[in-house]
Amino acid sequence: MSDDDVVIVCALRTPMCRARKGGLAKTPATTLLSTVLQATVQQTGIPPADIEDVCVGNVLAPPSGAAAWRMAQLVAGFPDTTALSAVNRQCSSGLQAVANIAHAIKSKSIKIGIGAGVESMSQNPMNKIEPPDVDWNQMQSCSAAMDCLTPMGVTSENVVKDYGLQRAKLDQFALESHRKAAAAQHQGKFSAEIVPVNGVDKDDGIRPGTTYQVLSKLRPVFDKERGVTTAGNSSQTTDGAAAVVLMTRAEARCRRLRVMGVWRGFAVKGVPPRVMGIGPAFAIPEVLKQCGLQIGDVDLFEINEAFASQATWCVEELGIEKRKVNPNGGAIALGHPLGCTGARQVATLLNEMHRENHRYGVISMCIGTGMGAAAVIEVEPRASL
């Protein structure tokens, strides 16, 4: 233990609700963010003025989103002396925001900060994304550059074709995601991490009654003739926000705050954009190497289920025991609000690690345009000051 260790003292999230049809579809993203930010300071008792910086991950909001998050922060009761930045590393934006704050603390730029993520896929749907403003003649001379525009579902089909994946396995994986999430919700496992928003207090994308037969009858979306990627074995579009409070161990001890977990490492690795989903299989070994760990040392993995195709391939490629992966379901059941997911995973991972007395946990996800990100968090044998 070191006084300079970066520790997590609070990790909360809103419910994850279906875009357009769910309980938060009409709730502005700023309300999602301000609600969870306010909840973190209420739960920890930290005066908002003591929070030195907030980093917010987001993917789909327009450029004015940076101003919107600052407004949400101020409405949540933070003074104007608390700084804020926004970050977009696609599907890892929430985790990147947490990493940015962790790195700022480690470098002694700040002592206390919040890494957060937010996305309203109801307000900013993916089908409204404008193409990038680039020199197309130049870009078309580079196939990898053009592959950055490959629709995410098509990248899933590319993984299927390149690695010979079978639909039956993907549908079974999706079924397990819903089954595990439904059981966790029924047992109240998510209650400690969820902050209600306007009376909504539960994730609403989980389908307890779905079956393999139902999933197997869904039609492929991205390759209608030979494809295997369906709405049922892909992540849901979702609305939600999450926030993680980090500080030095010395600061936590001074404030008599319980250490939920210790931030041990973070890595990002690039992969071919056309098969972006394989990213976790490269990022996870990199971060474990940083931390002097092996796959077998990790007790729990939260690997984002962007698609059952890439998630199953990564798990099998790394030789991870299936029982260690997403024990309470993943994005196929809970949803994937792009900028929020990484921060949400921190909350879900830490609560499960404490319930099961686990020590090492890994969070990972693939990233559009061809990357993977991963982080290692340690829960000490006795979470303490």
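Counting of residues starts from 1 at the beginning of each chain's written sequence and follows it residue by residue. For a predicted model such as this one, the threshold for reporting local features is a pLDDT of at least 70, and the threshold for listing and counting side-chain atom pairs is 80 or more; totals across whole chains, interfaces and linings nevertheless cover every residue. Side-chain measures here rest on the full set of heavy atoms in the structure, leaving out hydrogens and waters.

### Quick word on the overall build of the protein
Then, in step 1: Put simply, DSSP marks the helices as runs of H or I at least four residues long and the strands as runs of E at least two long, and each gets a number from the N terminus on. Tallying secondary structure elements over the protein gives 13 helices and 10 strands in all.
Then, in step 2: Expressed as lengths along the three principal axes of its C-alpha atoms, the size of the protein is roughly 60 × 45 × 40 Å.
Then, in step 3: Here the contacts in the protein between residues at least 6 apart in sequence split such that 82% fall between residues at least 24 apart.
Then, in step 4: The protein chains shown are the only cover counted for residues, whose accessible areas, like all others here, come from Shrake-Rupley with a 1.4 Å probe. Taken as a whole, the protein presents about 15,800 Å² of accessible surface, with 50% of it coming from carbon and sulfur.
Then, in step 5: The positive charge centre, built from 39 side chains, and the negative charge centre, built from 36, are 4 Å apart in the protein. What makes two residues a contact is simply this: any of their non-hydrogen atoms within 4.5 Å. Only four residue types enter the tally: Lys and Arg on the positive side, Asp and Glu on the negative side; His and the chain ends are excluded. Note that the charge is assigned to NZ on lysines, CZ on arginines, CG on aspartates and CD on glutamates.

### So, the state of the cysteines
Then, in step 1: Disulfides are defined as cysteine sulfur pairs within 2.5 Å. Evaluated as defined, the whole model comprises 0 disulfides.
Then, in step 2: The structure places no disulfide on Cys-10, whose sulfur is separated from the nearest cysteine sulfur, that of Cys-340, by 14 Å.
Then, in step 3: Burial classification: accessible surface area is computed with a 1.4 Å probe over protein chains only, and a residue below 20% of its type maximum counts as buried, one above 50% as exposed, and the rest as partly exposed. Owing to a relative accessible area of 0%, Cys-10 belongs among the buried residues under this scheme.
Then, in step 4: Not part of a disulfide, Cys-254 finds its nearest cysteine sulfur in Cys-10, a span of 18 Å.
Then, in step 5: Taking relative accessible area as the criterion, Cys-254 reaches 64% and is therefore assigned exposed.

### Observations concerning the packing of aromatic side chains
Then, in step 1: Note on aromatic contacts: the rings of Phe and Tyr and the six-membered ring of Trp form a pair at centre separations within 6.5 Å, being stacked when their planes are under 30 degrees apart, edge-to-face when over 60 apart, and tilted otherwise. Summed over all chains, the structure comprises 2 aromatic pairs.
Then, in step 2: With 4.4 Å between their ring centres and 35° between their planes, Tyr-163 and Trp-313 make a pair best called tilted. Separated by 150 residues along the polypeptide, Tyr-163 in helix α6 (residues 152-163) and Trp-313 in helix α11 (residues 308-318) bring together distant segments of the chain.
Then, in step 3: Classification of Trp-313 by relative accessible area gives buried; the value is 10%.
Then, in step 4: One cation-aromatic arrangement involves Arg-13 over Phe-190; the distance from NZ or CZ to the ring centre is 5.2 Å. As a reminder, the over-ring test applies to NZ of lysine and CZ of arginine, requiring each to be within 6 Å of the ring centre and within 35 degrees of the ring normal.

### Things to note about the pairing of strand β8 (residues 300-303)
Then, in step 1: Taking every second residue as pointing to the same face, both faces of β8 are buried, with Leu-300 and Glu-302 on one and Phe-301 and Ile-303 on the other.
Then, in step 2: Judged from the 4 bridges that link them, β8 and strand β9 (residues 360-367) form a sheet pairing that is parallel. Residue pairing for β9: Phe-301 is matched across the bridge by Val-362. We call two strands paired when DSSP finds no fewer than two bridges between them.

### A short note on the packing of helix α7 (residues 167-186) against α11
Then, in step 1: The convention used is that axes are lines fitted to C-alpha atoms, helices contributing only their stretch in contact, and that angles between N-to-C directions extend from 0 to 180 degrees. Contact pair α7 / α11: the axes reach a minimum separation of 9 Å and the direction vectors enclose 95°. Classified by the interaxial angle, the pair formed by α7 and α11 is roughly perpendicular. Together, Lys-169, Leu-170 and Phe-173 of α7 and Ala-308, Ser-309, Ala-311, Thr-312 and Glu-316 of α11 make up the contact between the two elements.
Then, in step 2: Gly is put with the polar residues, along with every residue not named as nonpolar or charged; the nonpolar set is Ala, Val, Leu, Ile, Met, Phe, Trp, Tyr, Cys and Pro, and the charged set is Asp, Glu, Lys and Arg. Looking at the contact of α7 with α11 residue by residue, the classes come out as 4 nonpolar, 2 polar and 2 charged. Roughly parallel refers to an angle under 35 degrees, roughly antiparallel to one over 145, roughly perpendicular to one between 65 and 115, and oblique to any angle outside these ranges.

### What about the layout of surface pockets?
Then, in step 1: Here the largest pocket is characterised by a volume of approximately 1,800 Å³.
Then, in step 2: Along the wall of the largest pocket there are 50 residues; nearest its centre are Met-121, Met-126, Asn-127, Met-152 and Thr-237.
Then, in step 3: Secondary structure elements with two or more residues in the lining of the largest pocket: α6 and α8 (212-216).
Then, in step 4: Looking at the lining of the largest pocket, its residues break down into 26 nonpolar, 17 polar and 7 charged.
Then, in step 5: A cavity, in this analysis, means grid points on a 1 Å lattice covering only the protein atoms where a 1.4 Å probe fits yet has no way out; a pocket is instead an open set bounded by protein on both sides within 12 Å along at least five of seven lines, and a residue lines either one if it has an atom within 4 Å of a point. Grid points are joined across faces, edges and corners, and a volume is the space filled by probe spheres set on the points. Here the second largest pocket is characterised by a volume of approximately 280 Å³.
Then, in step 6: What lines the second largest pocket is a set of 13 residues, among which Phe-173, Glu-176, Lys-180, Thr-312 and Lys-322 lie closest to the centre.
Then, in step 7: Every element with two or more residues in the lining of the second largest pocket is listed here: α7 and α11.

By themselves these figures say nothing about function.
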